[in-house]
Number of protein chains: 2
Amino acid sequence: MHCDQTLSELRDIIQRKLQDLANKTRPESLYEPIRYALAQPGKQLRPILLLLCNEAVGGSLEDAVDAAAAIEVIHTFTLVHDDIMDHDELRRGRQTVSRRWDENVAILAGDGLLVMGYERLAHLPPRHLPVLLRLYSRAILEVCEGQALDKAFELRDAISLPEYYEMIEKKTGRLFALACEAGAILGNGNPAQVTACKKFGAALGRAFQLQDDLLDVIGDEQTLGKDVGSDLEEGKKTFLLTHARMHANPQQRQELDTLCSQHPLHEAAIREIIQLFDELGTLAAAQHEIDACLTIASSQLGFLPSSNARQNLAQLLLKLARRNH
Amino acid sequence: MHCDQTLSELRDIIQRKLQDLANKTRPESLYEPIRYALAQPGKQLRPILLLLCNEAVGGSLEDAVDAAAAIEVIHTFTLVHDDIMDHDELRRGRQTVSRRWDENVAILAGDGLLVMGYERLAHLPPRHLPVLLRLYSRAILEVCEGQALDKAFELRDAISLPEYYEMIEKKTGRLFALACEAGAILGNGNPAQVTACKKFGAALGRAFQLQDDLLDVIGDEQTLGKDVGSDLEEGKKTFLLTHARMHANPQQRQELDTLCSQHPLHEAAIREIIQLFDELGTLAAAQHEIDACLTIASSQLGFLPSSNARQNLAQLLLKLARRNH
């Protein structure tokens, strides 16, 4: 498959860039956790989206590769700090930085990653730098806003769906949208193309987060690389919980709240919750929302000229639609 | 005094810029702590140094004021995160962010501040942006390295003076040097002037940290706005402790270690430690080092043309020499 080859080639290019970045060694207590966080590559969706959008509007890889590395490093920063705040123990199948070392080490490693991401931007073509520095900064600040909402919502009994969507648009959607928009800008795309790419990324990010919410309860622990049901256990206001509480009768709502308040949350309770989600049409609604977002994303690709890169973007979208981790 | 007026005018300009920055309100859980951290101005040494160095090489305020705001916001970021790591309760006479809210809030507020600092840089004259983005990033990464060394040293019994100086050069000296260097670059200073400004800042930063170490034991709690003896209590490897352990005989070293290991560290113990520092010539040595650094800083000013700004820099240096908080 030509497409897969290209995607894996892009992944290699990004991974090499990230390894180059993590070549500092002293002090060990800063750079060892940074290398650790960068060494276990995730899906690298954001940098790949950036490079594909760049290519899709006719840009050159060379002009965009530092922006791609930057967005992956910055995404890694958000994971390292989020894992502290959420007391998560597993990430990509390994211990989180805060668990393997401690919270202080994870705070500093995250800070270092964020700065290293920004440092990468200094290598961009100077004509694009002011705009991109502003875009990256606003996007990262919105990711912080999204995480702040996420933590604030944990303390509440329930949130509305608009609140849910505001939170995930900032926390997850924003970096996806940034990746696609930045790629199109660096590729000198016209305004319509830049807007299409941004919308494509935002819709994809929304679908991605909805899938995350879904996989948290119906995913496989081994494949996921993290605990199943951890969102529920942490009191995260996912789409599922929000939708289910809205559609539950008082008795079902009571049952749901009682189940969710168990610590630790055993497999049996998770199964009961899933059954409730199913009865309330929540699982079907989540899948429906995901499909709707992916359709919006797909439609944006029509604004881009036909090319290998556009085909790869469409292919990536299909892969995401089928993802199980 | 014309000089003081100018300094206080500069302080007002910076403070207004910072207030403009902190005008976002939602989500409260992110922006309230950010406003809180920015609202209690410190000495604003770094932005003032930046603006004065800029002016001293003939630059215009307008070109440099965003870089000045950025460095103060970034300095505030380091304080907010350091206070988490050090479990500090007081900063500038008020509760720290991590104490007033919690650690998660402080992690996010610090992240937000760092990003807001970078966002400011997007407003700089584009011709200077690539160089400054790289300089800022390298400097902030070194501040992280310094903090990592600081925390790693806490776990050790003792460190050498070269290790101490490496730590403070990164943790404190680097932002001072950056401020002065960035100011000179933005003012289009020639290479000799830029180097002189950078050296001036580095020496001033070193003196400043040595003074901090000294004030931690001989300062006044009210004036300092933080607990006296907190470095000792946290096991910080200050100049004083490092010097004293080097010059103590085995009995004195034993006495010092026993005193420092007390938790909480009462006033009586602090008095005994100070007496030991005095007997070992440590207080005098610290003062000698401070004077030496200030002399180096002062000599660098000779590379700058005579001007009001240069006079202000000299005046600032004298003020720092006499500081008690």
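Along every chain, residues carry numbers that run from 1 in the direction the sequence is written. Labels are handed out in written order, letters beginning with A for the chains and numbers beginning with 1 for the ligands. Owing to the predicted nature of the model, reporting of local features is limited to residues with pLDDT of at least 70; listing and counting of side-chain atom pairs is limited to 80 or more, with chain, interface and lining totals taken over all residues.

## Some words on the overall build of chain A
A count of helical and extended segments in chain A gives 16 helices and 2 strands. Dimensions of chain A, computed from C-alpha atoms along their principal axes, come out at roughly 60 × 50 × 35 Å. Across the 325 residues in chain A, those meeting the buried criterion constitute 49%. Contact definition: two residues whose C-beta atoms, as placed from backbone geometry, lie within 7 Å. A separation of at least 24 residues holds for 73% of the contacts in chain A among residues at least 6 apart in sequence. To qualify as a helix, a DSSP run of H or I must reach at least 4 residues; to qualify as a strand, a run of E must reach at least 2; elements of each kind are numbered from the N terminus. To sort residues by exposure, count the other C-beta atoms lying within 10 Å of each residue's C-beta; 20 or more gives buried, 12 or fewer gives exposed, and values between give partly exposed, all with C-beta atoms placed from the backbone.

## Details of the environment of P162 of chain A
Inspection of the secondary structure assignment puts P162 of chain A in helix 8 (residues 161–186). Taking C-alpha positions, P162 of chain A is 31 Å from D111 of chain A, a pair spaced 51 residues apart along the chain.

## Observations regarding helix 15 (residues 282–300) of chain B
Residues and elements named next belong to chain B. Helix span is expected to be 1.5 Å times the residue number reduced by one. For helix 15, spanning 19 residues, the distance from its first C-alpha to its last is 27 Å, which sits close to the expected 27 Å at 1.5 Å a residue. Every buried residue of helix 15 is accounted for by T282, A286, E289, I290, C293, L294, A297 and Q300. The arc that holds the buried residues of helix 15, viewed along the axis, is 130°, so those residues lie on one side. Of the residues in helix 15, the exposed ones pointing more than 90 degrees away from the buried face are A284, H288 and T295. Among the structural elements, helix 9 (191–218), helix 12 (239–247), helix 14 (267–279) and helix 16 (308–321) are those in contact with the buried residues of helix 15. To obtain the arc, one takes the directions from the helix axis to the C-beta atoms.

## Some points on the packing of helix 9 of chain B against helix 15 of chain B
All names here are of chain B. Only the stretch in contact is used when a helix axis is fitted, and all axes are lines through C-alpha atoms; the angle between N-to-C directions ranges over 0 to 180 degrees. Contact geometry of helix 9 with helix 15 gives a least axis separation of 8 Å together with a crossing angle of 160°. The angle between helix 9 and helix 15 places the two elements in the roughly antiparallel class. Our pair here, helix 9 against helix 15, has a crossing hand that is left-handed. Where helix 9 approaches helix 15, its residues A196, K199, F200, A203, L204, R206, A207, L210, Q211, D213 and L214 are matched on the opposing element by A286, E289, I290, C293, L294, I296, A297 and Q300. For classification, angles of less than 35 degrees are called roughly parallel, those exceeding 145 degrees roughly antiparallel, those between 65 and 115 degrees roughly perpendicular, and all remaining angles oblique. Note on convention: the crossing is left-handed when the near helix lies turned anticlockwise from the far helix by less than a right angle, right-handed when the turn is clockwise.

## Here's the deal with the interface of chain B and chain A
Contacts between chain B and chain A engage 34 residues on the former and 34 residues on the latter. Examining the composition of the side of chain B that touches chain A, we find that 15 residues originate from one element, helix 7 (residues 129–154) of chain B, more than from any other. In the side of chain B that touches chain A, the residues fall into 22 nonpolar, 6 polar and 6 charged. The residue classification treats Ala, Val, Leu, Ile, Met, Phe, Trp, Tyr, Cys and Pro as nonpolar and Asp, Glu, Lys and Arg as charged. All others, Gly included, are polar.

## Considering the relation of the copies chain B and chain A
Put simply, the two copies of the chain differ by a rotation about an axis and a shift along that axis. Least-squares fitting of one copy onto the other uses the C-alpha atoms of those residues that reach a pLDDT of at least 70 in both copies. The transformation that overlays chain B on chain A combines an axial shift of 0.0 Å with a rotation of 180°, and the residual RMSD is 0.0 Å. Look at the turn and shift together and you get a two-fold axis relating the two. Here 100% of the contact residues of chain B are again contact residues in chain A; the copies associate through an equivalent surface.

## Details of helix 16 of chain B
Residue and element names in this part refer to chain B. Helix length check: helix 16 (14 residues) gives 20 Å between terminal C-alpha atoms against 20 Å at 1.5 Å per residue, within 8%. Taken together, the buried positions of helix 16 are A309, N312 and L313. Burial along helix 16 is one-sided: seen end-on, the buried residues are contained in an arc of 105°.

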